[in-house]
Structures are given as structure tokens and as C-alpha cells.
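Here are the chains, one letter per residue:
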Amino acid sequence: MKKVVITLFAAFLAFSLSAQDNMLTKGEKVLNLGIGLGSTLYTGSGYTSSIPPISASFEVGVKDDVLDVGSIGVGGYLGYASSKWEYTYFGGNWGYKYTNFILGARGSFHYPLVDKLDTYTGLMLGFNVVSAKEFGDIDPLYNYSASSSGLIWSWYAGGRYYFSEKFAAMAEIGYGIAWLNLGVALKL
């Protein structure tokens, strides 16, 4: 019985994979706008999020008919997050405010698995700019700030479910400004 179920499932999957249309074709442009959940930055005791992680990515289809109905897209990524760590003591407070800004280039492989759902995975290579500033009830002479930056990379996987030809709900998992980004996608 188990073999029959597996065979039927494989046949159904093979039929549905070949029956789907590509959701990102050569020359099409898509803008993703998202809010992050589960930030990869500054988590733990004492941290609060001032601004939730937000992201925007833009993608252009560059190659069709990869593995029959797949496609390749390239584009850019912007992500921003702000957090604060604060310590309260005897009526005073002290802490740091942190900001992260990620600018990156992405490449995605799209393969349709379900009708109206654009499923994809890809890699991003980017630059992360980080800054920190001390605040609170301290002597202004000892008020410190710092900044740093460096190269980062990430893998991601996502999907865009199209409610109409131009509008979709979007979800992505991976390492970027957040572990999970939820939002909207617009075909331009």
C-alpha cells in the first residue's frame, strides 16, 4: 500500500510540475516590499526593536526555459533594522542604539510548483553597514559611538502568490535583515 501511495504521489507531482507556467519571464520586473520577523540581529536579554526590520528587493527576469519551465532573475536588495539595548539602574538608564543597513545583489532561480505561486531560491552578496551610539544618564564626555561594515552573503527561499496579474503576497526565509520576511510583490 505504501508503494502505491508513493507512486501516485510521484505521478501527481510530475504531472503538476510540468503543467505549471513560469511566473517570472525574461524582461519582467518585480518589486518586493517586506517586514521582517525573527531578526538575525541583536536578540536576547535587554534588546528591544525600535523599528522592525524592513526590506525591499527588485528583480528582473534574465533567462527563461531553465529546466523546462524555470527561470533566472537578478536584482538588488535593501534592508534596514534598528534595535536598542537598555539597562536601568537606581532611577537612571544607559544603553546603546544600533542600526543595520544592508545593500546587496541577488540572483534567483524560479521554478513553478503550484498554479499562481512563484517559488524561488537564490543567493545574495551584499554589504552590511552597522552603527552604534551610546545613550543615557552618563557624562557627555564619555558618550561613545562606533560604526563598522563588511561583506555578507545569504541564501534565501521564497514564494509569491499572485492574486492578480500584477499583485502578490510574498514570503521569504533566509539570512538577511530577518529570518522571515512577509510582504507584497508588485510586477512593474
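Residues numbered from 1 in each chain as written. Predicted model: local features only at pLDDT ≥ 70, side-chain atom pairs only at ≥ 80, totals over all residues. Heavy atoms only, no water.

This part is about the pattern of salt bridges. Under the defined criterion, the tally for this structure stands at four salt bridges. R106 is the partner of E172 in a salt bridge, and the nearest nitrogen-oxygen pair spans 2.9 Å. With a gap of 66 residues between them, E172 in strand β7 (residues 167–174) and R106 in strand β4 (residues 92–110) connect regions that are remote in the sequence. R106 matches E172 in its accessibility class, with the two residues each being buried. The closest approach of N and O atoms between D118 and R160, which form a salt bridge, is 2.9 Å. Here D118 is found in strand β5 (residues 117–136), whereas its partner R160 is found in strand β6 (residues 145–162), with 42 residues between them in sequence. Comparing D118 with R160, the two get one shared label, buried. Salt bridges sharing common partners tie together E59, D118 and R160. (Salt bridge = Lys/Arg side-chain N within 4 Å of Asp/Glu carboxyl O. Helix = DSSP H or I, 4+ residues; strand = E, 2+ residues; numbered from the N terminus. Buried < 20%, exposed > 50% of the residue type's maximum accessible area, 1.4 Å probe, protein only.)

Moving on, we get to the nonpolar core. Grouped together as the largest cluster of nonpolar side chains are 16 residues, with contacts concentrated most on V30, Y77, I102, M124, Y162, I177 and A185. If you list the elements that add at least two residues to this core, you get β3 (70–89), β5, β6, β7 and β8 (178–187). Top contributing element to this core by residue count: β6, with three residues. Apart from residues no more than four positions distant in its own chain, A185 is found in contact with V30, L31, N32, R160, K166, F167, A168 and M170. (Core = buried A, V, L, I, M, F, W, Y, C linked by side-chain atoms within 4.5 Å. Contact = heavy atoms within 4.5 Å.)

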